[in-house]
Amino acid sequence: MLDPTTDSPFRGLGLLAIEGLTAAELTPVLDLADQYLERTRAGERKLTLLSGRTLVNLFFETSTRTRTSFELAGKRLGADVINMSVDASSVKKGETLIDTAATLNAMHLDVLVVRHPDSGAVRLLAAKVNCAVINGGDGSHEHPTQALLDAQTIRRRKGRIAGLTVVICGDILHSRVARSNIHLLNAMGARVRVVAPPTLLPPEVERLGVSVFHSMVAGLTDADIVMMLRLQTERMAGQFVPSVREYFHFFGLTADKLKVARPDALIMHPGPINRGVEIDSEVADDINRSVILDQVELGVAVRMACLDLLTRASGH
Ligand code: ASP
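Quick caveat: nothing in here was measured; it's all calculated off a predicted structure.

Student: So what about the overall build of the chain? Which residues, and what values?
Tutor: Scanning the chain from terminus to terminus reveals twelve helices and ten strands. Computed over C-alpha atoms, the radius of gyration of the chain comes to 19 Å, within 12% of the 20 Å expected from 2.2 N^0.38 for 316 residues, which places it in the range of a compact globule. Here the C-alpha coordinates of the chain stretch approximately 55 × 45 × 30 Å along the principal axes. When the accessible surface of the chain is split by element, carbon and sulfur atoms take 52% of a total near 13,200 Å².

Student: Account for the sheet that holds strand S3 (residues 80-85), naming residues and giving values.
Tutor: If you trace the five strands from one edge of the open sheet to the other, you get S1-S5-S4-S2-S3, paired in parallel fashion. Looking along the sheet, the strands with just one partner apiece sit at the ends: strand S1 (14-15) and S3. In this sheet, S3 lies alongside strand S2 (residues 54-59) in parallel orientation, the contact comprising six bridges. Bridging across to S3, Leu55 finds its partner in Val81. Packing against the sheet, helix H3 (residues 65-76) makes contact with S2, S3, strand S4 (111-116) and strand S5 (132-138), and its axis sits at approximately 175 degrees to S2.

Student: Can you lay out the environment of Arg176 for me, pointing to particular residues and giving the numbers?
Tutor: Relative to the helices and strands, Arg176 resides in helix H7 (residues 176-187). The buried category is assigned to Arg176, whose relative accessible area is 7%. Each C-alpha atom of the pair Arg176 and Glu71 lies 21 Å from the other, and the pair is 105 residues apart in sequence. Once residues within four sequence positions are removed from consideration, Arg176 is found in contact with Glu61, Arg115, His116, Gly137, Asp138, Gly139, Ser140, His141, Glu142, His143 and Arg235.

Student: Any details on the pairing of S4? Residues and values, ideally.
Tutor: Burial within S4 is extensive, with six of its six residues counted as buried. Of the two faces of S4, the one lined by Val111, Val113 and Arg115 and the one lined by Leu112, Val114 and His116 are each fully buried. Judged from the five bridges that link them, S4 and S5 form a sheet pairing that is parallel. From the neighbouring strand, Val111 faces S5, where its bridge partner is Ala132. A crossover links S4 with its parallel partner S5, the connecting element being helix H5 (residues 121-126), and its sense is right-handed.

Student: An account of helix H6 (residues 144-158) is needed here, citing residue identities and associated values.
Tutor: A turn of α-helix holds 3.6 residues, and therefore any two residues three or four places apart point the same way. In this model, H6 (15 residues) spans 21 Å end to end at C-alpha, consistent with the 21 Å of a helix rising 1.5 Å per residue. Of all 15 residues that make up H6, twelve are buried, and the element is covered over most of its length. Taken together, the buried positions of H6 are Pro144, Thr145, Gln146, Ala147, Leu148, Leu149, Asp150, Ala151, Gln152, Thr153, Ile154 and Arg155. Just downstream of H6, Gly159 is the residue with a positive phi angle, here 80 degrees.

Student: Before we move on, could you go through the layout of surface pockets and cite the residues and values that matter?
Tutor: By volume, the largest pocket is sized at about 410 Å³. Lining of the largest pocket is provided by 20 residues; of these, Arg115, Arg176, Arg230, Gly271 and Pro272 occupy positions nearest its centre. Every element with two or more residues in the lining of the largest pocket is listed here: H3 and H7. Taken together, the residues of the lining of the largest pocket sort by class into four nonpolar, nine polar and seven charged.

Student: Residue-level account of the site of the ligand, with values.
Tutor: Looking at the ligand, the residues that line it are Arg115, His143, Arg176, Val177, Arg230, Gln232, Pro270, Gly271 and Pro272. Within the side chain of Arg115, an N or O atom sits 3.1 Å from an oxygen atom of the ligand. In this structure, a nitrogen atom belonging to the ligand sits 3.0 Å away from a main-chain N or O atom of Gly271. The protein chains hide 92% of the 260 Å² of surface that the ligand would expose on its own. In a pocket analysis with a 2 Å cut-off to the grid points, the ligand is assigned to the largest pocket. Class assignment for the residues of the shell around the ligand results in three nonpolar, three polar and three charged.

Student: I'd like a description of the packing of helix H2 (residues 23-41) against H6, backed by residues and values.
Tutor: For any two helices packed against each other, the geometry comes down to the angle between their axes and how far apart the axes lie. Close contact between H2 and H6 brings their axes to 10 Å; oriented N to C, the two are set at 75 degrees. As summarised for this structure, H2 and H6 are arranged roughly perpendicular, according to the angle between their axes. From H2, Leu26, Thr27, Val29, Leu30, Asp31, Ala33, Asp34, Leu37, Glu38 and Arg41 reach across to H6, where they touch Leu148, Ala151, Gln152, Arg155 and Arg156. Tallied by class, residues from the contact of H2 with H6 come to seven nonpolar, two polar and six charged.

Student: Tell me what's going on with the nonpolar core, and back it up with residues and numbers.
Tutor: By size, the foremost hydrophobic cluster in this structure holds 88 residues, and its most contacted members are Ile134, Leu148, Ile168, Leu185 and Leu253. In terms of residues, this core owes the most to one element, helix H12 (residues 292-314), which gives eleven residues. Non-local contacts of Leu185, meaning those with residues more than four positions away in its chain, are made with Ile154, Ile161, Val166, Ile168, Ala190, Val192 and Met227.

Student: Outline the environment of Ser281, supporting the account with residue identities and numerical values.
Tutor: Summarising the element assignment, Ser281 is placed in helix H11 (residues 281-284). Between the alpha carbons of Ser281 and Ile168 there is a distance of 18 Å; along the sequence they are 113 residues apart.

What counts as what
- Residues numbered from 1 in each chain as written.
- Predicted model: local features only at pLDDT ≥ 70, side-chain atom pairs only at ≥ 80, totals over all residues.
- Heavy atoms only, no water.
- Helix = DSSP H or I, 4+ residues; strand = E, 2+ residues; numbered from the N terminus.
- Rg over C-alpha atoms; globule rule 2.2 N^0.38 Å.
- Areas by Shrake-Rupley, 256 points an atom, 1.4 Å probe, with all protein chains shown as cover.
- Pairing = 2+ DSSP bridges.
- Contact = heavy atoms within 4.5 Å.
- Axes fitted to C-alpha atoms, helices over the stretch in contact; angles between N-to-C directions.
- Buried < 20%, exposed > 50% of the residue type's maximum accessible area, 1.4 Å probe, protein only.
- Right-handed = clockwise from strand over helix to strand, strands pointing away.
- Expected span 1.5 Å × (residues − 1).
- 1 Å grid on protein atoms, 1.4 Å probe; cavity = no way out; pocket = protein on both sides within 12 Å on 5 of 7 lines; lining within 4 Å.
- Points joined across faces, edges and corners; volume = space filled by probe spheres on them.
- Nonpolar A, V, L, I, M, F, W, Y, C, P; charged D, E, K, R; others polar.
- Near = heavy atom within 4 Å.
- Polar contact = N/O pair within 3.5 Å; in protein donor to acceptor, adjacent residues only side chain to side chain.
- Sits in = over half its atoms within 2 Å of the grid points.
- Parallel < 35°, antiparallel > 145°, perpendicular 65-115°, else oblique.
- Core = buried A, V, L, I, M, F, W, Y, C linked by side-chain atoms within 4.5 Å.

Written out as structure tokens, the structure is:
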């Protein structure tokens, strides 16, 4: 059994990013998540580890999966969970964030899960509160628990992550999921490729440790894992693709394009899916290849593991 006090990857204030974490630090989180998954599947859905602790989900951006998943994870561990949704566009950033932090701090929370449309906002807030903070997605920067649940999904299906060819396709430029996954997959020894039109790639993306492709056929050849991403239109100022129809034609995942991947290649997507834009329904719903719902199930287990480790590591 993992000793969270010595093996915890949650340095300092909480889980703010995957960048900088090593395989030795990440693997115990996945191991603990496996234990929580088995317990949940066995019907143990009300534990007491976090009883008397308070978890607040502070979301400045919409969310379906992440917020629900943290809520369930907290409740299954016995915590009191409060959801706060704030319309970020109606507040002055900076000052209000710090005011919000001061307000929450006065309420003696144990864990704060924060999602915010601005990259770096979660770290800013984390520096102002005394409780543990988990980044639930900040702008196009990072979404660490998504990468952890993706890794657990891959490891459970393939038995390993090291040595696999993982291809991330779509709007890499605006995607925090892509960034967290690139860091995690590289740390775990996978080969990472990205496939996107040049307009949807960050400058010098190769420096993150990926091979870059602009054609689905070239990028998908011999892929073990195909991770599709949504066009993050809410983060786009201006036109990044000529039209949705053309985007689907060149970059949408279809059964035909998948033919060059390995026959046992798995299809992943963090959600929400846009059918007919980045992925064809036939592929998204292929029960032999699509693990999109596994990702949702494992999301709760991974977040239980994070809450467990974080509350022990921080002493909150
Ligand atoms: N749900 C993921 C995120 O919050 C992916 C997406 O929205 O496309 O980043």
